[in-house]
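Here is what each chain is made of, one letter per residue.
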Amino acid sequence: MQEAFILTISDNAKLIPLVFDSPHSSRYCPPDMQAVAPEAALMSGWDAYVDELWSGAVQHGATLLAARVHRCYIDFNRSRSDIDPELLDQPWPEPIKVSEKSKAGMGLIRRYALPAVPMYDRKLGIAEVQQRIERYYDPYHAELQRLINAAHARFGRSWHIDCHSMKSVGNAMNIDNGARRPDFVLGDRDGSAADPVFTAWVAQQLRGMGYVVKINDPYRGAELVRAYSDPQRGRYSMQIEINRALYMNEQSLERSAGFATLQQHLTQLAQAMSRYIIDQLN
């Protein structure tokens, strides 16, 4: 069994160049993680059920990639070099690029599960961090790159949707601390990762379903959108954040009555995306 990811491929013979990935929807924490943060704090960072919410996309020709390990163990949506030196018991042997996310405790390997809630009561060894990268991070990124490259090679263009969920209210580790969030946030890195026309079209579809949508506020898209986008060459990537209050109880982590409706709407959106892409290719 592949440890790093689960891949679901459409049975539809006429595949389209549409790839979804869900990097934070696993709640599995490997035994060697040895975190001291409470379970509730760890699960507050879990993109609960996001892979399930988007699972209907494969009915319409898309491919869905989902991570198998929790983001607190290793975050697939961070740069490989975004190493937090404060976590390590020795200097990292390769060049590092500490981001604002790492400074807030949310780098490739998390230092905090929630504001002022440490992940560990120890420093991490170089070998254990390298093992996480080589066993999970590298295979996930290699597979996503393979899927996007294959789609682009076949059709000349590719569309990548990076799927996430967000707390209904930002906390102190976020740039919108205390702010109530919209139903959806679409991130295309201010138009540098996807065609703004496509971003606006997705927003229009969601608003037509009755949702409140913002673009690039407060989320612009992170590493997975940055790394696999190149609009000048027909490689489009967009991050979609879903407000958890739409479909779950944020305290108990149980699905709410809104889950089925949202899942149906996202399947309809994926179907509309499929038609949009087919029109673009013709």
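Keep in mind that what you see is a predicted model, and the values were worked out from it rather than measured.

## Examining the environment of Ser 81
Structurally, the position occupied by Ser 81 is in the loop between β3 (63–67) and α3 (100–103). Given a relative accessible area of 23%, Ser 81 falls into the partly exposed group. Separated by 77 residues in sequence, Ser 81 and Ser 158 place their C-alpha atoms 26 Å apart. Excluding residues within four positions of it along the chain, Ser 81 makes contact with Pro 95, Ile 96 and Lys 97. Within polar-contact distance, the side chain of Ser 81 engages the side chain of Ser 79 at 3.1 Å.

## Observations concerning the layout of surface pockets
When its volume is computed, the largest pocket comes out at roughly 960 Å³. For the largest pocket, the lining is made up of 40 residues, of which Asn 77, Arg 78, Lys 101, Gly 221 and Ala 222 are closest to its centre. Among the secondary structure elements, those contributing two or more residues to the lining of the largest pocket are α3, β4 (112–114), β6 (158–166), α6 (223–227) and β9 (235–243). Split into classes, the residues belonging to the lining of the largest pocket amount to 11 nonpolar, 12 polar and 17 charged. Forming the boundary of the second largest pocket are 13 residues, of which Leu 15, Thr 63, Leu 147, Ala 150 and Ala 151 lie nearest the centre. Listed by contribution, the elements that provide at least two residues to the lining of the second largest pocket are β2 (18–22) and α4 (126–155). The element contributing the most residues to the lining of the second largest pocket is α4, with six residues. In the lining of the second largest pocket, the residues fall into 10 nonpolar, one polar and two charged.

## As for the environment of Gly 187
Position of Gly 187 among the secondary structure elements: in strand β7 (residues 184–187). Taking C-alpha positions, Gly 187 is 17 Å from Arg 244, a pair spaced 57 residues apart along the chain. Beyond its immediate sequence surroundings of up to four residues, Gly 187 is in contact with Asn 216, Tyr 219, Arg 220, Gly 221, Val 225, Ser 237, Met 238 and Gln 239.

## Points about helix α7 (residues 258–281)
Between the first and last C-alpha of α7 there are 35 Å, a value that for 24 residues agrees with the 34 Å anticipated at 1.5 Å per step. For α7, the elements touching its buried residues are β2, α2 (50–53), β6, β7, α5 (196–208) and β9.

## Digging into unusual backbone geometry
Among all residues except glycine, the phi angle is most often negative; among peptide bonds, the trans geometry is most common. Going from Asp 217 to Pro 218, the amide bond is cis rather than trans, its omega being 10°. Its place among the elements puts Pro 218 in the loop between β8 (213–215) and α6. Phi is positive for Arg 189, which is not a glycine, with a value near 55°. Mapped onto the elements of the fold, Arg 189 is located in the loop between β7 and α5.

## Side note on the sheet that holds β8
Pairing in this open sheet of seven strands is mixed, and the strands run β1-β3-β2-β6-β9-β7-β8 from one edge to the other. Looking at strand neighbours, the two that pair on one side only are β1 (5–9) and β8, the edges of this open sheet. Each adjacent strand pair in this sheet contributes to an overall mean axis angle of 20°, direction not counted. Relative to β3, α4 is tilted by about 170°, and along the sheet it contacts β1, β2, β3, β6 and β9.

Conventions adopted
Residues numbered from 1 in each chain as written. Predicted model: local features only at pLDDT ≥ 70, side-chain atom pairs only at ≥ 80, totals over all residues. Heavy atoms only, no water. Helix = DSSP H or I, 4+ residues; strand = E, 2+ residues; numbered from the N terminus. Buried < 20%, exposed > 50% of the residue type's maximum accessible area, 1.4 Å probe, protein only. Contact = heavy atoms within 4.5 Å. Polar contact = N/O pair within 3.5 Å; in protein donor to acceptor, adjacent residues only side chain to side chain. 1 Å grid on protein atoms, 1.4 Å probe; cavity = no way out; pocket = protein on both sides within 12 Å on 5 of 7 lines; lining within 4 Å. Points joined across faces, edges and corners; volume = space filled by probe spheres on them. Nonpolar A, V, L, I, M, F, W, Y, C, P; charged D, E, K, R; others polar. Expected span 1.5 Å × (residues − 1). Pairing = 2+ DSSP bridges. Axes fitted to C-alpha atoms, helices over the stretch in contact; angles between N-to-C directions.

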